[in-house]
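Structure at a glance
Below, each chain spelled out in residue letters.
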Amino acid sequence: KAGVTQTPRYLIKTRGQQVTLSCSPISGHRSVSWYQQTPGQGLQFLFEYFSETQRNKGNFPGRFSGRQFSNSRSEMNVSTLELGDSALYLCASSLKREVGEKLFFGSGTQLSVL
Amino acid sequence: TQLLEQSPQFLSIQEGENLTVYCNSSSVFSSLQWYRQEPGEGPVLLVTVVTGGEVKKLKRLTFQFGDARKDSSLHITAAQPGDTGLYLCAGYNAGNMLTFGGGTRLMVKP
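Our subject in this report is the structure included herewith. (Residues numbered from 1 in each chain as written. Chains lettered and ligands numbered in written order. Predicted model: local features only at pLDDT ≥ 70, side-chain atom pairs only at ≥ 80, totals over all residues. Heavy atoms only, no water.)

Let's shift gears to the overall build of chain B. Tallying secondary structure elements over chain B gives zero helices and 11 strands in all. Along chain B, helices and strands appear, N-terminal first, in the series β-β-β-β-β-β-β-β-β-β-β. Taking 2.2 N^0.38 as the reference for a compact globule, 110 residues should give roughly 13 Å; the C-alpha atoms of chain B span a radius of gyration of 13 Å, in line with that estimate. Expressed as lengths along the three principal axes of its C-alpha atoms, the size of chain B is roughly 40 × 30 × 20 Å. Out of the 110 residues in chain B, the part that is buried amounts to 45%. Within chain B, residue pairs in contact and separated by at least 24 positions form 53% of the contacts whose partners lie at least 6 positions apart. Split by element, the accessible area of chain B, about 5,300 Å² in all, is 52% carbon and sulfur. Side-chain charges in chain B split into 9 positive and 9 negative, and the spacing between the mean points of these groups amounts to 3 Å. (Helix = DSSP H or I, 4+ residues; strand = E, 2+ residues; numbered from the N terminus. Rg over C-alpha atoms; globule rule 2.2 N^0.38 Å. Buried < 20%, exposed > 50% of the residue type's maximum accessible area, 1.4 Å probe, protein only. Contact = heavy atoms within 4.5 Å. Areas by Shrake-Rupley, 256 points an atom, 1.4 Å probe, with all protein chains shown as cover. Lys, Arg positive; Asp, Glu negative; His and termini not counted. Charge placed at Lys NZ, Arg CZ, Asp CG, Glu CD.)

Following this line, the structure appears as structure tokens:
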């Protein structure tokens, strides 16, 4: 069974540009969540999607957005990139939305903003 | 502000030593998870604890959830170089959001 796939693996952008990251969950998983990981702030929750609806959102500005498609694949978009957006962006999928549910993480997209 | 505080942040030990990592919060969590992350990879779930006072063992790793469900610990017996990595605790709150601690970076030297 294939794991969570994130593309691209690495990305270099300049300030002011926008970027779209993609996440394909494990087959059959309907919940996808996104996290930002930086050395200073650690892992921070961005948002969660289930059945194409955003269910939870973390404390990030509106420049960060996402969506989920009918096949559960998800994308996140960051507009007007800032230097501080440089981070590892991780996607995780799970079968359901229950407390204590096991999350399966992808290897992440390393975004560098110059 | 981190709702989950992990200590220590860094730990460097020799192979064969024992260690304990702590995860503390002023908030109550409905469940708490421990993950391990290796460089260039996403976190991998090690265990989920749900009941206050619960103890779970995974080979040489022992996980404990505090009675009040506000804290947890991870104890590794006879650490091996393969245990090297970033250990993360994470708690589910009532809103079904998962909050991560800052992590403990462990290095086990042969």
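To continue, consider the sheet that holds strand β6 (residues 55-58) of chain B. In any sheet, the strands associate via hydrogen bonds between backbone groups, in a parallel or an antiparallel arrangement. Residue and element names in this part refer to chain B. Pairing within the open sheet is antiparallel, and its five strands lie in the order β1-β3-β8-β7-β6. The sheet is open, and its two edges are formed by β1 (5-7) and β6, each paired on a single side. Strand-to-strand, the axes of this sheet are offset by a mean angle of 15°, without reference to chain direction. One ladder, built from three bridges, connects β1 with strand β3 (residues 19-24); its direction is antiparallel. In the sheet register, Gln 6 faces β3, and the bridge partner there is Cys 23. (Pairing = 2+ DSSP bridges. Axes fitted to C-alpha atoms, helices over the stretch in contact; angles between N-to-C directions.)

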